[in-house]
Amino acid sequence: MNPQAKLVFITSLLLGTTITISSNHWIMAWTGLEINTLAILPLISKSHHPRAIEAATKYFLVQAAASALVLFSSMTNAWHTGQWDITQLTHPVSCLILTSAIAMKLGLVPFHFWFPEVLQGSPLTTGLILSTAMKLPPMTLLFMTSPSLNPTLLTTMAILSAGLGGWMGLNQTQTRKILAFSSISHLGWMAIIISYNPKLTLLNFYLYSLMTAAVFLTLNSIKALKLSTLMTAWTKAPSLSAMLLLTLLSLAGLPPLTGFLPKWFIIQELTKQDMAPMATIISLLSLLGLFFYLRLAYCATITLPPHTISHMKLWHTNKPTSTLIAILTSLSITLLPIAPMILTII
């Protein structure tokens, strides 16, 4: 892709995100979402492969439908209350429509079907933007309207997302699809707590983005799109594969690592809200995710490739790992000790 064109698209993404997260008026928020959608489409379809074109088409149709619902919900609310302010969403029908629209934008169950397909058709770097930066504007709208939304509906969608995200990722062999289902599962954790403690949702989102960025950039560095490629990657960059193991375990939420921090706080907050059964269910459902993270980690570091004559091993390169991957991986593994400091903010 032409560097100037890429610069225009990346700048438009930043502009759209900034407009949405800094706006108080529904029309401005909607405009930001539209700019974002139009800017990411060329980045998805830049390879001109039929799969990439299909992914871009699916993404456009879903996001257009979600944007129309956002507009419809805000207009219905303005019709009944005379308010265009995002925080003044009080009409029950508007709240219901908005919840559906944002679930569609984010890829929450039952509107999750587009996300794995779109991620599978995109390059790894675009997949990273779709999994992290593109989820920030809808997450901001969810954060701003959280007092008005129906907690029962959000909890139901969250439990289903955590369950289906883990369950559907079990038999995948493509790394991008596994990361897509991982994203759906993490969104469940964010949605369950949004009505009770929205700051925890943002904390979870930031840490999830950090860990996912580390995994995507590592996979992009070793060019691993399938589990079979990942099995031979240890010959190419052994230290990077070892760090990928720890980052994946952190994404799964195992205790001494960063990923345990948001899960711990969310379970604690749910227990305070007398929702211990929900906390138990979502914790058990996250074990499904742990299984496929372990599978990825096993493929990346523990297996030896088959020793056949026809099998091609990847050459070990002495190319240094990028500084960004090193920083993100370090943060993805070592942030648990800052828990007391975060507790003072939340």
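Our structure is the block above this text.
What counts, and at which threshold
Residues numbered from 1 in each chain as written. Predicted model: local features only at pLDDT ≥ 70, side-chain atom pairs only at ≥ 80, totals over all residues. Heavy atoms only, no water. Helix = DSSP H or I, 4+ residues; strand = E, 2+ residues; numbered from the N terminus. Rg over C-alpha atoms; globule rule 2.2 N^0.38 Å. Buried < 20%, exposed > 50% of the residue type's maximum accessible area, 1.4 Å probe, protein only. Contact = heavy atoms within 4.5 Å. Areas by Shrake-Rupley, 256 points an atom, 1.4 Å probe, with all protein chains shown as cover. 1 Å grid on protein atoms, 1.4 Å probe; cavity = no way out; pocket = protein on both sides within 12 Å on 5 of 7 lines; lining within 4 Å. Points joined across faces, edges and corners; volume = space filled by probe spheres on them. Phe/Tyr/Trp six-rings, centres within 6.5 Å; stacked < 30°, edge-to-face > 60°. Lys NZ or Arg CZ within 6 Å of the ring centre and 35° of its normal.

*Asks:* Is there a simple way to explain the overall build of the protein chain in this structure?
*Replies:* Per the secondary structure count, the protein chain includes 16 helices and zero strands. In terms of overall dimensions, the protein chain is globule-like: its C-alpha atoms have a radius of gyration of 20 Å, near the 20 Å expected for 346 residues. Taking the principal axes of the C-alpha coordinates as reference, the protein chain spans close to 70 × 50 × 35 Å. Counting the 346 residues in the protein chain, one finds 53% classified as buried. Long-range pairs, those at least 24 residues apart, make up 77% of the contacts in the protein chain between residues at least 6 apart in sequence. Within the structure as shown, the protein chain displays about 15,100 Å² of accessible surface, and the carbon and sulfur contribution to it stands at 72%.

*Asks:* I keep staring at the layout of surface pockets and nothing clicks. Help me out?
*Replies:* The volume enclosed by the largest pocket comes to roughly 240 Å³. As for the largest pocket, its lining consists of I10, L13, L14, T17, L128, I129, T132, A133, M134, L136, F205 and S209. At the level of elements, α1 (3-22), α6 (124-131) and α10 (198-221) are the ones that each hand at least two residues to the lining of the largest pocket. In terms of residue count, α1 provides more of the lining of the largest pocket than any other element does, four residues in total.

*Asks:* Looking at this model, I keep getting lost on the packing of aromatic side chains. Mind explaining?
*Replies:* Two descriptors summarise a pair of aromatic rings, namely the distance from one centre to the other and the angle between the planes of the rings. Within the structure shown, the criterion is met by six aromatic pairs. Between F260 and W264 the ring centres are 6.0 Å apart and the planes differ by 10°, which places this aromatic pair in the stacked class. Placement of the pair is F260 and W264 together in helix α13 (residues 260-272), with a separation of four residues, close to one helical turn. Accessibility expressed as a relative area gives 26% for F260, which makes it partly exposed. If you follow K135 out to its NZ or CZ, it ends over the ring of F115, 3.7 Å from the centre. Of note, K263 hangs over the ring of W189, and the distance from its end group to the ring centre comes to 5.1 Å.

Just distances and angles here, no functional claims.
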